[in-house]
Amino acid sequence: MRLVHLDLKGAAPRVSYLEQVFPLLSQLGANGVLIEYEDMFPFKGELEILRSPYAYSEEDIERIQQLAEQHKLEVVPLVQTFGHVEVEAASPAPHPGSQGFPWTPPDGSSPQFILKHEKYQHLREVERFPNSFNPHVPDTLALLKSLLSQVIEKHRRSTWIHIGADEVFHLGEGTDSRNWMSRHKGDVGTMYLKHIKEVLGFLTAQYWGLRVLMWDDMLRKISVGALRGEGTGWHLCQAPQPHPLCAHPGGHPVPAGAHALPWGNVALGAVASCSPAGRGKGSWEPLCPPGAHRAVLARCWLSLSLSLSLSHRYDHYSVLCELLPVSIPSLAICLQTLVNGGFTEEAKRKVLDVLGLESVQLEQSTCEGRGAFPGAEIYHMVEQVNGHLKESILKALEEESAIKGWFSPYHRKRQFGNPRNMESFGSKVLKLHEDWESFVRDLRAQLERIYFPDTVEEWLEENVNPYLDQLRDLVRDYR
């Protein structure tokens, strides 16, 4: 299975853009989409507080599934059930007692997270960190059942559910966990498996035949003996057996944890992730993702069930990674690498034909040609921001001798200067300012076609304004 992971915790696209993207994914070799809705899901009832102000409607969720079915893409919803529970929740204001640094979006709402919200703070593994659930509090499983049920009920055509369960930071550090390990003579691994088994038990009882996927990183830290339940009884299966979805042919070693683990009627597939977006290990790329690095990663996982992650944000506290349109060439290269067993000439021709490009340079992470893929305009405009905005403005501000000598911060603060010297740089600075303001207006218009207002404002604030504001301030003082 070749899944494209749409992580919607940041820069969630409008459904109208997905209408353009899904046919492209199918053309490039994907056969499924792994959708991590987070706060973009239209939760109801007590969970309604988890919805973003821009959450998809129930009609949007149905439309997404229709689009996927139309283009032969399996929809696999993802609900985090252990770590990564940084789901936003709209509320009038953050609770005075909550910890962390809330961000206020342009619409004035205040995002909180599942475990930052006052109602759910008691479910934290470690009191001061809102990242991971405490698996020993009964309310944790009750909440997870509600989350899973609402998402699954809106995805009745799906035969798979993904339960996340990766990067469960600080597991074992909480008081309840330390007490549990002491009483049961267990370790973090057995405690992790116990919680996963409880989640699977619910899915088994309620949704017969539904198959389950999870990330493999936590399983890598657990011995095969522990997975078999040796000495503990907390096991997921009698023995890890390769499942057709994840089997690695050819006698090559399968990375640890990359097995399907059948338990009851649930086929549990542990899946690795390769990111064509900028959320790679130890790196956030707010502008352009490195294509060569992603292609190498894809080749390493050729025969496994693989999710190519388009993650726009590490978590709800981080800045955005690069945007989906900017990721498409990298994603296309990774998908075709998987389809063809490497980035062969055939794979390269397919990428160029589908994307409407003239050439791709992996090592330089550049593409030549106008491009005919959805969002190509944004791709090229982000290249302009990445390659020229900062350079051109800093050059004007720092290398123009007349500005440094006769229009310094000292002059500007006291509002005086020699008109003769100011005229020597004025027309050049005004032209530069006018050109970039016109460019940003066009970029904003393109972004607004694909993204909701909060994403547009955040991206411009992070990537454009730090440099353009310096030029704006200079022009204001000059005038």
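As the structure is a computational prediction, the values presented were derived from the model and not from experiment. (Residues numbered from 1 in each chain as written. Predicted model: local features only at pLDDT ≥ 70, side-chain atom pairs only at ≥ 80, totals over all residues. Heavy atoms only, no water.)

Some details on the nonpolar core
Side chains of nonpolar character tend, in soluble globular proteins, to be buried together.
Part 1 of the reasoning: By size, the foremost hydrophobic cluster in this structure holds 119 residues, and its most contacted members are Phe22, Tyr56, Tyr192 and Leu203.
Part 2 of the reasoning: Both domains that meet at this core, namely domain 1 (2-91 + 98-245 + 254-362) and domain 2 (379-478), each give it at least three residues.
Part 3 of the reasoning: Sequence-distant contacts of tyrosine 192, that is, excluding residues within four places in its chain, are made with Phe82, Ala165, Val168, Leu171, Met214, Met218, Leu219 and Ile222.
Part 4 of the reasoning: Counting residues in hydrophobic clusters, the runner-up holds seven residues, among them Leu34, Leu78, Trp160 and Leu213. (Core = buried A, V, L, I, M, F, W, Y, C linked by side-chain atoms within 4.5 Å. Buried < 20%, exposed > 50% of the residue type's maximum accessible area, 1.4 Å probe, protein only. Domains from an automatic or database assignment. Contact = heavy atoms within 4.5 Å.)

Quick word on the pairing of strand 2 (residues 32-36)
Part 1 of the reasoning: For strand 2, a buried count of five out of five residues is recorded, marking the element as mostly surrounded by other parts of the structure.
Part 2 of the reasoning: Judged from the five bridges that link them, strand 1 (residues 2-7) and strand 2 form a sheet pairing that is parallel. When the bridges of strand 2 are listed, histidine 5 appears paired with leucine 34.
Part 3 of the reasoning: Handedness of the strand 1-helix 1 (residues 15-28)-strand 2 crossover: right-handed.
Part 4 of the reasoning: In this view, the connection linking strand 2 to its parallel neighbour strand 3 (residues 74-77) by way of helix 2 (residues 58-70) has right-handed handedness. (Helix = DSSP H or I, 4+ residues; strand = E, 2+ residues; numbered from the N terminus. Pairing = 2+ DSSP bridges. Right-handed = clockwise from strand over helix to strand, strands pointing away.)

Details of the pattern of salt bridges
Part 1 of the reasoning: Summed over the entire model, instances satisfying the criterion amount to 19 salt bridges.
Part 2 of the reasoning: The partner of aspartate 7 in a salt bridge is lysine 9, and the shortest N-O contact between them spans 2.8 Å. The same class applies to aspartate 7 as to lysine 9, namely buried.
Part 3 of the reasoning: Of the charged contacts in the structure, one is a salt bridge between arginine 444 and glutamate 448, with a shortest N-O distance of 4.0 Å. Here arginine 444 and its partner glutamate 448 are both found in helix 13 (residues 419-450), four residues apart, which amounts to about one turn of the helix.
Part 4 of the reasoning: A residue is classified by how much of its surface remains accessible, and arginine 444, at 27% relative accessible area, is partly exposed.
Part 5 of the reasoning: Because the salt bridges share partners, they merge into one network encompassing Asp7, Lys9, Glu36 and Glu38. (Salt bridge = Lys/Arg side-chain N within 4 Å of Asp/Glu carboxyl O.)

Details of the packing of helix 13 against helix 15 (residues 465-478)
Part 1 of the reasoning: Put simply, helix 13 and helix 15 touch, their axes get as near as 10 Å, and they point 135 degrees apart. Taken together, the axis directions place helix 13 and helix 15 in an arrangement best described as oblique. Considering the relative orientation of helix 13 and helix 15, their crossing is left-handed. For the pair helix 13 and helix 15, contact is made by Met422, Glu423, Phe425, Gly426, Val429, Leu430, Leu432, His433, Trp436, Glu437 and Val440 and by Leu468, Leu471, Arg472, Leu474, Val475 and Tyr478, respectively.
Part 2 of the reasoning: When the residues that make up the contact of helix 13 with helix 15 are grouped by side-chain class, the tally is 12 nonpolar, two polar and three charged. (Axes fitted to C-alpha atoms, helices over the stretch in contact; angles between N-to-C directions. Parallel < 35°, antiparallel > 145°, perpendicular 65-115°, else oblique. Left-handed = near helix turned anticlockwise from the far one by under 90°. Nonpolar A, V, L, I, M, F, W, Y, C, P; charged D, E, K, R; others polar.)

Some points on the packing of aromatic side chains
Part 1 of the reasoning: All told, the structure shown has seven aromatic pairs when counted by the stated rule.
Part 2 of the reasoning: Relative to tyrosine 192, the ring of phenylalanine 82 lies with its centre 5.6 Å away and its plane at 5 degrees, an arrangement referred to as stacked. Linking phenylalanine 82 in the loop between strand 3 and strand 4 (88-91) with tyrosine 192 in helix 5 (residues 188-206), this pair joins segments that are 110 residues apart in sequence.
Part 3 of the reasoning: Taken together, the ring pairs connect Tyr37, Phe41 and Phe43 into an aromatic cluster. (Phe/Tyr/Trp six-rings, centres within 6.5 Å; stacked < 30°, edge-to-face > 60°.)

A look at the environment of phenylalanine 169
Part 1 of the reasoning: Structurally, phenylalanine 169 is set in the loop between strand 6 (160-162) and helix 4 (175-184).
Part 2 of the reasoning: Distance from phenylalanine 169 to histidine 84, taken between C-alpha atoms, is 8.6 Å for residues 85 residues apart in sequence.

By themselves, these figures tell us nothing about what the structure is for.
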